[in-house]
Protein chains: 2
Amino acid sequence: MTVAEKIRTRFDQFTPAERELANTLIANYPMAALGTIMELAHQAKVSTPTVMRTIKKLGFTGFPAFQTALHDELKQTLSDPIDKHDHWANNVPAEHILNQFVTSITNNLRQSLKQLDPESFDDVVTLLSDKKRSIHIVGGRITHAFADYLQTHLQVIRKDIHMLPASSGLWPHHLLNVREGDVLVIFDVRRYEADLLELAKLANERNVKIVLFTDQWLSPITSYTTHYFSCRIEAPSGWDSGVVTLFLIESLIAAMEEKLWPETSSRLKELEDIFDFTGRFKR
Amino acid sequence: MTVAEKIRTRFDQFTPAERELANTLIANYPMAALGTIMELAHQAKVSTPTVMRTIKKLGFTGFPAFQTALHDELKQTLSDPIDKHDHWANNVPAEHILNQFVTSITNNLRQSLKQLDPESFDDVVTLLSDKKRSIHIVGGRITHAFADYLQTHLQVIRKDIHMLPASSGLWPHHLLNVREGDVLVIFDVRRYEADLLELAKLANERNVKIVLFTDQWLSPITSYTTHYFSCRIEAPSGWDSGVVTLFLIESLIAAMEEKLWPETSSRLKELEDIFDFTGRFKR
DNA sequence: ATAATTATGTCAAATTTATTACAGAAGGCA
DNA sequence: TGCCTTCTGTAATAAATTTGACATAATTAT
């Protein structure tokens, strides 16, 4: 039984001042009761003890209890529809790792998107689509795979995509090829790697634009970047999840594809032809 | 400018504890801040002064002012007829690529999980957790990154993880090391690669257990496998999405971790020690 | 390795808020 | 009208929340 219902059922037992309050409460429910008891009393043009008495008549022990009840109602009302997919996988108990994981992942996605600045996203798309800039990609121990994935896809879209070697000893050498205005895409999640930070510092001094993919705690590299993406990586396991990171990578690629369609389409066609010729791929 | 936006724009100026708080706040916004400052602090697992400082950093004179601002927002939100839960990203039209993508991805996840046989999943976990079997991993042009990712994580969990070389010319040679009863994990999505099919055939003849990650149209390799996962890869772009594939990989890893915890925990500890020793990683 | 700096929590003071007691006001009834 | 009952607000009190000062822990720089 909601607070509003309680009020309605006992309305006839109320005194005039209490009805005044009840009306105010129902009129802009449940906002009126968000603040202090004094604010509510003032809104309804009654005294605080009147509010007190009304609340007790409704069965609450005090104002805090009343407010908590309203808060809980609000939470229910505003809770996201996604949460209703309690478990997604078929015939599997909710405790199964698959369901635990899917809950985590959707939470991560939702939260990451809430924090994401869309303008920043669009800016990065523009930056990476600028054919005058070469793009250099580097990842860490875990994130190496994402750097690889990004490179594979970007190479189809445009030219001048370079992946930094896996061994950090070779980075200074590679940095000679990186010119001012080029873009360096760095993947760095905890535990943050010292070599990557050093690389970012050097690149920043050379006026290289840095785009960073990191986690919700932000790699220290953040301070050298022009744009960064913070991807939530929480997972019900000892490791972190890269799903949100991959999601963002693919979204970026899709956005770039749209932006660069004329060039992309011809490059794609060429690629298809090459595949057909080599016969490595089945139709 | 909403409180959420303020948090997002100043997120990188926050200290770790403040970020913890900011995340909690955004995670269930604006419900988390409905109660007292102490409740909020407890939820975010920080102290009340930390909440205090964060709020002041955001430009509020104190907690009551902060809460009033949130209340005002809530009033606006609840009186606003537009359902803001329709799209996930903030302040972005529903047509933005981010929202299109998130819709696709959640659909892919839902559908893939519906089709997934949980028993098969558990069987694969058992298979990969069997320390008597060596594990060999191979991916194709696009899926190479996933093979890499799987290998990186499995190597932490257990020994005898091998990645097949990128060049398919070396595969027959590598196959000599693969013994009967070993597991070969193959990633193959369209366009399916002829070399991978050949490899699967050979491996099958040698009584190697094959676990396949493929898409909803199923790679021809499926007929040689003991278990396969069909991951929906639909995306609103010219390319396919690997998000579901990554999701399954991580779920597998999490499940294996749980199963092999004794061994995993000691390996993890050793790994941490090595990291600390090399100093390559920041704390 | 050590010092300086920064970050964070504990605790106590200050402020605000909720609650209670009580007195006066309003309305009903002889 | 005058008395009684019920209602309502003022003001004092109790409880709680918020805020600030400070010490300790953690981090960073030297």
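(A) Layout of the overall build of chain A. Per the secondary structure count, chain A includes twelve helices and five strands. The proportion of buried residues among the 283 residues of chain A is 55%. Across chain A, every contact between residues at least 6 apart in sequence was considered, and the portion connecting residues at least 24 apart equals 65%. Total accessible area on chain A stands at roughly 12600 Å², and carbon and sulfur atoms take up 53% of it.

(B) Looking closely at the side chain of B:S251. Inspection of the secondary structure assignment puts B:S251 in helix α11 (residues 243–259). A relative accessible area of 0% places B:S251 in the buried class. For B:S251, the contacting residues outside a window of four places in its chain are A:I97, A:L98, A:F101 and B:F121.

(C) Structural detail: unusual backbone geometry. All names here are of chain A. For K45, which is not glycine, the phi torsion reads 60° and is therefore positive. Turning to its location among the elements, K45 is positioned in the loop between α3 (37–44) and α4 (48–57). In this structure K45 comes out as exposed when scored by relative accessible area, which is 75%. Backbone geometry at D160 places phi at a positive 60°, although glycine is not the residue there.

(D) Fine view of helix α3 (residues 37–44) of chain B. Residue and element names in this part refer to chain B. The set of residues buried in α3 consists of I37, L40, A41 and A44. Seen from one end, α3 has its buried residues packed into an arc of 100°, which puts them on one side. Away from the buried face of α3 by more than 90 degrees, exposed residues M38 and H42 are located. Two residues or fewer after α3 comes K45, characterised by a positive phi angle close to 55°.

(E) Structural context of the protein's contact with DNA strand C. Close contacts around DNA strand C come from 17 residues, with A:I37, A:M52, A:K56, B:T15 and B:A17 the closest. For DNA strand C, the fraction of protein-proximal atoms (within 4 Å) that sit in sugar or phosphate groups is 76%. Within the contact set of DNA strand C, a phosphate oxygen lies 2.6 Å away from a backbone nitrogen or oxygen of A:I37. With respect to DNA strand C, the backbone of A:F63 contributes an N or O atom lying 2.8 Å from a phosphate oxygen. Secondary structure elements with two or more residues in the surface near DNA strand C: α3, α4 and α5 (63–78) of chain A together with α2 (16–27) and α4 (48–57) of chain B. Its residues placed into classes, the surface near DNA strand C shows ten nonpolar, five polar and two charged.

(F) Structural detail: the side chain of B:T143. All names here are of chain B. For T143, the location among the structural elements is in the loop between β1 (135–138) and α8 (144–157). Here G140 takes part through its backbone nitrogen, which lies 2.7 Å from a polar atom of the side chain of T143. If sequence neighbours within four positions are ignored, T143 has contacts with F187 and V189.

(G) The protein's contact with DNA strand D, seen in detail. Taken together, 16 residues surround DNA strand D, and among them A:T15, A:A17, B:I37, B:K56 and B:F63 come closest. For DNA strand D, a base nitrogen lies 3.4 Å from a polar atom in the side chain of A:R53. Interatomic distance of 2.7 Å between a backbone N/O atom of B:F63 and a phosphate oxygen of DNA strand D. Going through the elements one at a time, α2 (16–27) and α4 of chain A together with α3, α4 and α5 (63–79) of chain B are the ones with two or more residues in the surface near DNA strand D. A class-by-class count of the residues in the surface near DNA strand D yields nine nonpolar, five polar and two charged.

About the thresholds
Note that residues are indexed from 1 along each chain, following the sequence as it is written. Lettering of chains starts at A and numbering of ligands starts at 1, both following the order in which they are written. Only residues with pLDDT of at least 70 are given local features in this predicted model, and only at 80 or more are side-chain atom pairs given and counted; all residues enter the totals for whole chains, interfaces and linings. Note that water and hydrogens are dropped before the side-chain values are worked out from all heavy atoms of the structure. In this text, helices come from DSSP runs of H or I with a minimum length of four residues, and strands from runs of E with a minimum of two, each type numbered from the N-terminal end. Exposure categories follow from relative accessible area, calculated using a 1.4 Å probe and restricted to protein chains: below 20% of the type maximum is buried, above 50% is exposed, and the middle band is partly exposed. Between two residues, a contact is recorded if the distance between any of their heavy atoms is within 4.5 Å. Here the Shrake-Rupley method, with its probe set to 1.4 Å, supplies the accessible areas, and only the displayed protein chains count as covering residues. Arc, as used here, means the arc of the directions from the helix axis to the C-beta atoms. Here a residue is considered near a molecule or strand provided that any single heavy atom belonging to it is located within 4 Å of it. Each polar contact in these results corresponds to two N or O atoms within 3.5 Å; when the atoms are within protein, one needs to be able to donate a hydrogen and the other to accept it, and residues that are neighboring in sequence are counted only if both atoms are side-chain atoms. Residue type decides the class: Asp, Glu, Lys and Arg count as charged, Ala, Val, Leu, Ile, Met, Phe, Trp, Tyr, Cys and Pro as nonpolar, and the leftover types, Gly among them, as polar.

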